Amino acid sequence: MTNAGRTRLNQLPEWAALGKHREQLGDTHLRELFDADPRRGTGYALRVGDLYLDYSKHLVTDETLRLLRDLAAATDVAGLRDAMFRGEKINNTEDRAVLHTALRAPRDAVIEVDGVNVVPEVHAVLDKMAAFADKVRAGEWTGHTGKPIRNIVNIGIGGSDLGPAMAYEVLRAYTQRDLTFRFVSNVDGADLHEAVRDLDAAETLFIVASKTFTTIETITNATSARNWLLTELRAGQDAVAKHFVALSTNAEKVEDFGIDTANMFEFWDWVGGRYSYDSAIGLSLMIAIGPERFREMLDGFHLVDEHFRTAPPEQNAPLLLGLLGVWYGAFFDAQSHAVLPYSHYLSKFTAYLQQLDMESNGKSVTRDGQPVDWQTGPVVWGTPGTNGQHAYYQLIHQGTKVIPADFIGFARPVEDLLPGLVAQHDLLMANFFAQTQALAFGKTPEEVRAEGVPEELVAHKTFHGNHPTTTILAEALTPSVLGQLVALYEHKVFVQGAVWNIDSFDQWGVELGKVLAKRIEPVLTEGGGGEQLDSSTAGLVSAYRALRGRS
Ligand SMILES: O=P(O)(O)OC[C@H]1O[C@](O)(CO)[C@@H](O)[C@@H]1O
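Reference entry: report on the structure contained in this document. Residue indices follow the written sequence of each chain, beginning from 1 at its first position. It should be noted that, the model being predicted, local features are given only for residues of pLDDT at least 70 and side-chain atom pairs only at 80 or more, the latter also being counted only at that level, while totals for whole chains, interfaces and linings use all residues. Hydrogens and water are ignored here; the side-chain numbers use all heavy atoms of the structure.

Considering the overall build of the protein
Right, so step 1: Runs of E in the DSSP output that reach at least two residues are strands. Runs of H or I that reach at least four are helices, and both are numbered from the N terminus. Counting secondary structure elements, the protein contains 24 helices and 13 strands.
Right, so step 2: Judged by the C-alpha coordinates and their principal axes, the protein covers about 75 × 60 × 60 Å.
Right, so step 3: Burial classes follow relative accessibility: with a 1.4 Å probe on protein chains only, a residue under 20% of its type's maximum area counts as buried, one over 50% as exposed, and anything between as partly exposed. Residue burial in the protein is summarised as follows: out of 551 residues, 52% are buried.
Right, so step 4: What makes two residues a contact is simply this: any of their non-hydrogen atoms within 4.5 Å. The long-range fraction of contacts in the protein, counting pairs at least 24 apart against all pairs at least 6 apart in sequence, stands at 73%.
Right, so step 5: To be clear on the numbers: accessible area is Shrake-Rupley with a 1.4 Å probe, and residue cover counts the displayed protein chains and nothing else. For the protein, the exposed area adds up to about 23900 Å²; of that, 52% sits on carbon and sulfur atoms.
Right, so step 6: Taking the average location of the 50 positive side-chain charges in the protein and that of its 71 negative ones, the two points are 2 Å from each other. Charge assignment: positive for Lys and Arg, negative for Asp and Glu; neither His nor the chain ends contribute. Every charge is mapped onto a representative atom, which is NZ of Lys, CZ of Arg, CG of Asp or CD of Glu.

Rendered as structure tokens:
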């Protein structure tokens with residue numbers, strides 16, 4: 001599936017048609033589009049599972065949407081999608097299938113990789129995880145000294161950290177509150193230090209999460225955690241078995257580290273790191289929320305998988321969101337995309353999406369290695385919306401950049417909020433609705449003047465508006481809704497990669513820095529070798545050594 005010989009994206013007639021249409025659209029304002037169609041607000045909306053998705057505040061008309069769907073057809077998004085679901089090796093630079101959708105397939109589904117149905121293996125691991133999670137939750141998994149495990153520390157980085165850490169925050173209201181969870185990723189020793197300093201080692205379980213089990217940050221932190229544990233417990237190597245489990249595809253390396261492979265939860269090379277938290281990588285989350293809730297989350301993923309696989313293009317939400325991103329990148333020169341959740345529990349959601357989107361689509365060559373000459377993945381950024389309003393929203397409202405944004409909010413606060421706090425929810429959501437309204441429609445100079453604003457301030461108090469947003473609203477932030485949201489973004493990223501003709505499932509761009517760090521480390525510690533470095537890096541390394549008192 002190299003797509004060799006495919007017509008270059010910007011030479012397709014469908015691309016040219018979009019370019020021409022963009023010119024015709026010119027400066028058409030959302031105010032005009034809404035005035036022209038009183039039903040636009042409800043007409044440009046979709047329901048997917050529990051998600052209500054309003055895309056009416058986008059700079060598009062029926063014609064734009066039709067042309068974008070034509071582009072999707074011309075680039076065979078549906079063909080690549082079907083190949084992915086069938087287990088074909090669409091990750092062509094690594095010659096791997098891309099089957100995170102199999103992680104949430106029902107028990108009786110049949111999905112084959114190299115002629116083997118992978119679904120039974122997926123469910124066998126889920127069952128093993130559930131048995132383990134139940135034991136820990138019930139206090140039946142005891143440590144080396146016989147005390148029950150009460151603290152769970154996940155050690156991993158990238159996809160082996162961001163997913164479980166994000167989902168733990170999102171679903172905090174569903175977690176077993178007498179257990180403590182920590183997530184360690186940074187090779188800066190401060191991360192592990194702060195995570196364990198107040199924990200009783202006798203009650204602490206380390207989950208070492210690494211697809212490859214070779215990632216230097218994770219193995220370094222896991223080794224330090226093992227040293228800490230054995231020192232605290234004044235115990236020998238035999239204490240490791242009760243306090244360390246591994247989540248990996250690499251049994252050999254897990255064994256080398258000293259973790260019993262009986263305590264390893266497996267996944268497979270057809271699960272990309274950034275698509276993996278619904279695999280064994282989600283063990284910490286499953287312990288936190290319990291197997292039943294975890295399964296509800298998987299069902300939420302599956303619901304959107306099925307929607308993406310089967311919904312017609314006009315109603316296909318990931319297709320639509322993906323195409324809108326293509327539209328803004330190519331024809332509005334949008335460089336970034338903001339994700340602005342109006343839920344404190346989604347505070348790590350955008351950070352999670354950064355890896356999902358930017359590691360997937362931060363590419364500049366096509367599947368067959370030709371340089372692209374069109375925009376690919378945007379810079380994804382954002383934090384919970386109300387906080388952003390008092391920080392960077394100024395730039396979105398009145399700056400010079402086009403920043404399409406997703407607003408995500410919920411009708412009901414989580415159930416166990418303290419009673420006095422439930423009332424705050426309407427204020428939160430009033431802000432949610434007000435912001436997309438202000439961004440779309442702005443405030444004209446005439447409206448400003450009508451308020452009696454002095455003429456010299458009119459320009460400053462004018463809001464041009466016309467800033468595109470998607471609004472995603474659900475009743476409540478449940479495990480299923482989280483699964484639905486993540487799958488929606490996974491498939492949106494897929495659609496964009498398919499249109500741009502890039503491999504969204506490799507990540508060669510992270511390799512060079514790793515190799516150079518390995519070379520530089522001995523120069524920092526032992527000295528010498530500086531002459532092989534460029535003059536800037538050599539100067540910095542020598543300043544570092546001097547500051548560390550090394551000559
Ligand atoms: O799970 P692993 O193998 O430790 O990898 C961690 C992360 O490192 C990366 O490979 C990037 O270096 C990510 O894609 C991955 O999620």
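Side note on the site of the ligand
Right, so step 1: Only heavy atoms are used to decide nearness, and a residue is near a molecule or strand if one of them lies within 4 Å of it. Lining the immediate surroundings of the ligand are 14 residues, of which Ser160, Ser210, Lys211, Thr212 and Thr215 lie closest.
Right, so step 2: Take glycine 159: an N or O atom from its main chain is 2.8 Å from an oxygen atom of the ligand.
Right, so step 3: Two N or O atoms count as a polar contact when they lie within 3.5 Å, although within protein this holds only if one can serve as hydrogen donor and the other as acceptor, and sequence-adjacent residues are included solely when both atoms are side-chain atoms. Contact between the ligand and lysine 514: an oxygen atom at 3.1 Å from a side-chain N or O atom of the residue.
Right, so step 4: Bound to the protein, the ligand loses 88% of the 390 Å² it would expose on its own.
Right, so step 5: Just so you know the grouping, Ala, Val, Leu, Ile, Met, Phe, Trp, Tyr, Cys and Pro go in nonpolar, Asp, Glu, Lys and Arg go in charged, and all remaining residues, Gly too, go in polar. For the shell around the ligand, a count of residues per class yields two nonpolar, nine polar and three charged.

Overview of the packing of helix α15 (residues 349–361) against helix α22 (residues 479–500)
For any two helices packed against each other, the geometry comes down to the angle between their axes and how far apart the axes lie.
Right, so step 1: Between α15 and α22, whose axes approach to 10 Å, the crossing angle comes to 25 degrees. Comparing their axes, α22 and α15 come out roughly parallel. For the pair α15 and α22, the crossing hand works out as right-handed. Between α15 and α22, the contacting residues are Phe349, Tyr352, Leu353, Leu356, Asp357, Ser360 and Asn361 on the first element and Leu482, Leu485, Val486, Tyr489, Glu490, Lys492, Val493, Gln496, Gly497 and Trp500 on the second.
Right, so step 2: Looking at the contact of α15 with α22, its residues break down into 10 nonpolar, four polar and three charged. Only C-alpha atoms enter the line fits that serve as axes; for helices the fit covers just the stretch in contact. Angles between N-to-C directions range over 0 to 180 degrees. Angular relationships are summarised with four words: roughly parallel below 35 degrees, roughly antiparallel beyond 145, roughly perpendicular across 65 to 115, and oblique for the angles in between. Crossing handedness: left-handed means the near helix sits turned counterclockwise from the far one by under a right angle, and right-handed means the same turn made clockwise.

Describing helix α5 (residues 77–85)
Right, so step 1: For α5, the set of buried residues is Val77, Leu80, Arg81, Ala83, Met84 and Phe85.
Right, so step 2: The positive-phi residue at the C-terminal boundary of α5 is glycine 87, with phi of around 85 degrees.

A closer look at the environment of glycine 79
Right, so step 1: Structurally, glycine 79 is set in helix α5.
Right, so step 2: You can call glycine 79 partly exposed: its relative accessible area is 21%.
Right, so step 3: When the C-alpha atoms of glycine 79 and alanine 498 are compared, they prove to be 9.5 Å apart, with 419 residues separating the residues in sequence.

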